[in-house]
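Each chain, written out:
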Amino acid sequence: MKQFFFLTLCVAVLQGFSGSARAQDNVIDEVIWVIGDDAILKSDVEKERIQALSYGQRIEGDPYCVIPEQLAIQKLFLHQAKLDSIDVPESQVYQAAEAYVNNMIASVGSREKLEEYEKKPINVIRENIRTLYREREIVREMQKKIVGKVKVSPVDVRRFYDRIPKDSLPFISTTVEVQIITVEPRIALSEIDEIKARLRDFTDQVNKGEREFSTLARIYSEDKETARYGGERGFEGKGTLVPEYAAVAFDLNDPKKVSRIVETEYGYHIIQLVEKRGDRINTRHILLKPKVSETELNEAMAKMDSIRTDIANGKFTFEEGASFLSYDKDSRNNNGLMVNKKELNDPTVNERTGTSRFEMSELPDAMGKVVDKMKVGEISAPFTMINSKQKEIVAIVKLKTRVEGHKASLTDDYQALKGMVENQKSEEILNKWISQKQKDTYIRIHDNWKNCDFERDGWVKE
């Protein structure tokens, strides 16, 4: 499905670009398109083109035609979203943008290199990326509203399937359904006491002016994503923070003071205020995580092995064990069945869907290695893994189903094919909406930018 509905953050690199005259003129900046009340500047296009070159992505066609057209389509959706008062949660924007910024840093090698390349401090880069993500998510919400609930009948799916040449049928990857029981090893009180003592020592060093909080965070914090920034998290709302952290952070008023020790599901923190802006806050923190000793890990393994033995002896079922004994709250109320919450590929839909099917690459690494060798109905031996909270846990899993990779068939892959038909119908609805919006919206293109083979008609109005 063509991703023409909005620009990605890195548009794509042109291979074999011939050097359009529009890139060579001496005008520093100018308005090249007007869409309703919004302008597209030459600098907007050039920024996207350069960013594309930097990240080695590709685009088909002249970027000085493709990029403005995609920006124009995005502005059509944003304009309608403004009229319809559509917005997105700030927490959603923050999380997506932070992941993207971290990927950018990983790509160039360091925060300093990214700042040097962008010629901006990291906080400004983060704010710019959040703006871009916010607009993208608003566009998706607008598309979702326009498309509405797409209805697809079995007849529609069969017609779609019959039209595909048999040698061109889509390949469906191997998928599995997995049930899980977990146990979290006990943390020794002596380990917790030691962690708190270290954090109190850090606090004393900061309060006495012996060390900067940011220096200690870089050296000692176990939150590696923020440690490289001196523990700085960037601006966040309460909804993006775990409750225990938010309650303490939002009570801070003096940037020179250090908070009391805060326990969260991730470990133990001390926090320092950087800046408050309305209902958002920027803090630094140092995170230390208690370590599981070999003794406690062995105890957890033994406990899990006992649970596995009781299941094998028929004292209770795996499902009952998951419901009453498992520490994993996400699967506990689902008989241990893991749910794969992944964003749909369809760009017209901005929601998370829960499916119990995982491709092998979507499982945690340690679990994937275990499941790969299992037969359906088999229960694994206990093994250790790192959970979503970055804690070491002990688990056993049961392989509920496995569907090997194969060419799509109407019988076995009806739901996957139905999704493809839904995507196709959604695209048709959006195409129709864009065509009508073009007619209803004031559009003006600078003469030097009209000579393009646009993907869709309707931009150039005589």
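Structure's up top.
In every chain, residue numbers begin from 1 and rise along the written sequence. The predicted origin of the model limits local features to residues at a pLDDT of at least 70 and limits the giving and counting of side-chain atom pairs to 80 or more, whereas totals for whole chains, interfaces and linings rest on all residues. Excluded from the side-chain calculation are hydrogens and water; included are all heavy atoms of the structure.

K.L.:
Would you mind showing me how to read the environment of D156 here?
P.N.:
Numbering of helices and strands runs from the N terminus, with a helix taken as a DSSP run of H or I at least four residues long and a strand as a DSSP run of E at least two residues long. Relative to the helices and strands, D156 is located in helix α6 (residues 154–163). Remark: exposure states derive from per-residue accessible area (1.4 Å probe, protein chains only) relative to the maximum for the residue type, with buried under 20%, exposed over 50%, and partly exposed in between. Given the relative accessible area of 19%, D156 is considered buried. Through-space distance from the C-alpha of D156 to that of D372 is 36 Å; in sequence the pair is 216 residues apart. Note on contacts: a residue pair qualifies if any of its non-hydrogen atoms lie within 4.5 Å across the two residues. Setting aside anything within four residues of it in sequence, one finds D156 in contact with K151, V421 and K425.

K.L.:
For this particular structure, what's the right way to read helix α2 (residues 63–83)?
P.N.:
Since there are 3.6 residues in each turn of an α-helix, residues three or four apart along the chain are aligned in direction. The first and last C-alpha atoms of α2 sit 30 Å apart over 21 residues, in line with the 30 Å expected at 1.5 Å per residue. The element α2 is largely enclosed, with a buried count of 18 among its 21 residues. Any pair of N or O atoms that falls within 3.5 Å is considered a polar contact. Within protein, one atom must be able to donate a hydrogen and the other to accept it, and sequence-neighbouring residues count only if both atoms are side-chain atoms. Here α2 starts with a cap whose side-chain oxygen sits 2.9 Å from the backbone nitrogen of Y64, and that cap is D62. Taken from the residues just after α2, S85 is the one with a positive phi, measuring 55 degrees. The span one expects for a helix is its residue count, reduced by one, times 1.5 Å.

K.L.:
Help me out: how do you make sense of unusual backbone geometry in this one?
P.N.:
A negative phi angle is the norm for most residues apart from glycine, just as the trans form is the norm for most peptide bonds. In this structure, S85 is a non-glycine residue whose phi angle is positive, near 55 degrees. Judged by its relative accessible area of 66%, S85 falls in the exposed class. Residues other than glycine seldom take positive phi values, yet K119 does so here, at roughly 60 degrees. Counting through the fold element by element, K119 comes out in the loop between α4 (111–118) and α5 (122–147). On the basis of relative accessible area, K119 is assigned to the exposed category, the value being 73%.

K.L.:
Is there a simple way to explain α6 in this structure?
P.N.:
Burial in α6 covers these residues: D156, V157, F160 and Y161. Here the buried residues of α6 occupy an arc of 130 degrees about the axis, which is enough to place them on one side. Relative to its buried face, α6 has exposed residues pointing more than 90 degrees away, namely P154, R159 and R163. Buried residues along α6 sit in contact with α15 (414–440). The directions from the helix axis to the C-beta atoms form the arc being described.

K.L.:
How should the nonpolar core be read in this particular structure?
P.N.:
Soluble, globular proteins show a tendency: their nonpolar side chains are buried together. Core analysis: the biggest nonpolar cluster contains 55 residues, and W33, I35, I40, F77, I129 and W459 have the highest contact counts within it. Elements with a minimum of two residues in this core: β1 (31–35), α2, α3 (90–108), α5, α6, α15 and β15 (443–445). Residues belong to one nonpolar core when they are buried, are Ala, Val, Leu, Ile, Met, Phe, Trp, Tyr or Cys, and are joined through side-chain atoms within 4.5 Å. Ranked by size, the runner-up nonpolar core spans 15 residues in total, among them V178, M374, M385 and I393.

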